[in-house]
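Fold and contact review
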2 protein chains.
Amino acid sequence: MGKAAFSPERSTCPISTTLDLVGDKWSLLIIRDLTIGKSRYGEFLESPEGITTNILANRLKRLEAAGLIEKRPYQTRPIRHEYRLTEMGAKLLPVLQAMCRWANEFVDGTFVPPDTFLSRKA
Amino acid sequence: MGKAAFSPERSTCPISTTLDLVGDKWSLLIIRDLTIGKSRYGEFLESPEGITTNILANRLKRLEAAGLIEKRPYQTRPIRHEYRLTEMGAKLLPVLQAMCRWANEFVDGTFVPPDTFLSRKA
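Since we're looking at a predicted model, the values are computed, not measured.

The rules behind these values
- Residues numbered from 1 in each chain as written.
- Chains lettered and ligands numbered in written order.
- Predicted model: local features only at pLDDT ≥ 70, side-chain atom pairs only at ≥ 80, totals over all residues.
- Helix = DSSP H or I, 4+ residues; strand = E, 2+ residues; numbered from the N terminus.
- Buried ≥ 20, exposed ≤ 12 C-beta atoms within 10 Å, placed from the backbone.
- Contact = placed C-beta atoms within 7 Å.
- Least-squares fit on C-alpha atoms with pLDDT ≥ 70 in both.
- Nonpolar A, V, L, I, M, F, W, Y, C, P; charged D, E, K, R; others polar.
- pLDDT = per-residue confidence, 0-100.
- Axes fitted to C-alpha atoms, helices over the stretch in contact; angles between N-to-C directions.
- Parallel < 35°, antiparallel > 145°, perpendicular 65-115°, else oblique.
- Pairing = 2+ DSSP bridges.
- Expected span 1.5 Å × (residues − 1).

Here the focus is the overall build of chain A. Scanning chain A for helices and strands turns up 7 helices and 2 strands. Across the 122 residues in chain A, those meeting the buried criterion constitute 39%. Residue pairs at least 24 apart in sequence account for 43% of intrachain contacts in chain A once pairs closer than 6 positions are excluded.

This is the structure we're talking about:
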């Protein structure tokens, strides 16, 4: 357990490999949302960045296939799923925290997350 | 000094803001290359991920416009530039290091960078 369902694509560089999977504008926002307790499709859509339904569906599928998130049904007729982070997905937290510290230092107008987020252990 | 030439685009979330700028498969690889001492166009092209000339030119322009890198000429006729990280760009190192630790833990086949990289202070 704990090993990815995907392999390095472009090189064996661990940075390149991470970007193969979450190197886009949206995947890490979904990981962020799950980290702060969101779990359902409609909750992701409500985030202020305004992800579209087709991008959201695509990214959820990719993140699940790679082993970063898992889904389970919480309702039938119609079927509805909720999502949660696997250990592998949860352990991206230090990447998110480093991004927060960087943007807070260098980009005016970004909000400073609560210490419960910035100092949380993955 | 030290503040970005760009503003949050999608929300004031610092994660979203970081991804506005480097949320793609290539920008952080250029930052990586500069961090490990590469500085010239041809050196970036030689990296194993195989960036294309048009993507490289585009990303260098964006990173420079955002204040993460700067260029200076090292040759005239024809003019050639070399690039280096600004303080703002160099301070992305903790993001790169966190990605390394994550991929090394969860993705088989990624190489473990030397401690001089993983423990280096930005």
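Placing chain B over chain A gives an RMSD of 0.0 Å and needs a rotation angle of 180 degrees, together with 0.0 Å of translation along the axis. Taken together, these values place the two copies in the relation of a two-fold axis. Proximity to the rotation axis, assessed at the C-alpha, singles out B:Asp24 in chain B; its C-alpha lies 2.2 Å from the axis. Comparing interface residues between copies, 100% of those in chain B also sit at the interface in chain A, which points to an isologous, same-surface contact.

A few words on unusual backbone geometry. All names here are of chain A. A cis geometry characterises the amide bond from Arg-77 onward to Pro-78, with omega recorded as -10 degrees. You can see Pro-78 is positioned in the loop between strand E1 (69-75) and strand E2 (80-85). Positive phi, close to 45 degrees, is recorded for Arg-77, a residue that is not glycine. Within the secondary structure, Arg-77 sits in the loop between E1 and E2. With 5 C-beta atoms packed within 10 Å, Arg-77 lands in the exposed category.

Once that is clear, we can look at the interface of chain B and chain A. Taken together, the contact pairs 43 residues of chain B with 44 residues of chain A. Of all the elements in the fold, those that place two or more residues in the side of chain B that touches chain A are helix H1 (14-22), helix H2 (27-35) and helix H6 (93-106) of chain B. Among the elements that take part in the side of chain B that touches chain A, H6(B) stands out by supplying 11 residues, more than any other. A per-class count over the side of chain B that touches chain A returns 22 nonpolar, 12 polar and 9 charged.

Below, the discussion takes up the confidence of the model for chain A. Put simply, chain A has an average pLDDT of 94, and 96% of its residues get 70 or more. Scored as a complex, the prediction yields pTM 0.94 and ipTM 0.94.

Okay, the packing of helix H6 (residues 93-106) of chain A against H1(B) next. Helix-helix packing is described using two parameters, namely the angle between the two axes and the distance between the axes. Orientation of H6(A) relative to H1(B), taken along the N-to-C sense of each, is 85 degrees, at an axis distance of 8 Å. With respect to each other, H6(A) and H1(B) are oriented roughly perpendicular. Note on element contacts: H1(B) touches H6(A) through B:Pro14, B:Ile15, B:Thr17 and B:Thr18, opposite A:Leu96, A:Met99, A:Cys100, A:Trp102, A:Ala103 and A:Asn104. Class assignment of the residues belonging to the contact of H6(A) with H1(B) gives a composition of 7 nonpolar, 3 polar and no charged.

Bridge count between E1(A) and E2(A): 6 bridges; the pairing is antiparallel. Each residue of the ladder has a partner; that of A:Lys71, found in E2(A), is A:Tyr83.

For helix H4 (residues 53-65) of chain A, with 13 residues, the first-to-last C-alpha span of 18 Å sits near the 18 Å given by 1.5 Å per residue. Downstream of H4(A) by one or two residues, A:Gly67 has phi in the positive range, about 90 degrees.

Residues and elements named next belong to chain B. End to end, H6 covers 20 Å across 14 residues, agreeing with the expected 20 Å (1.5 Å per residue, within 8%). Counting buried residues along H6, 10 of its 14 residues qualify, which places the element largely inside the surrounding structure. Of all the residues in H6, the buried ones are Leu-93, Val-95, Leu-96, Gln-97, Ala-98, Met-99, Cys-100, Trp-102, Ala-103 and Phe-106.

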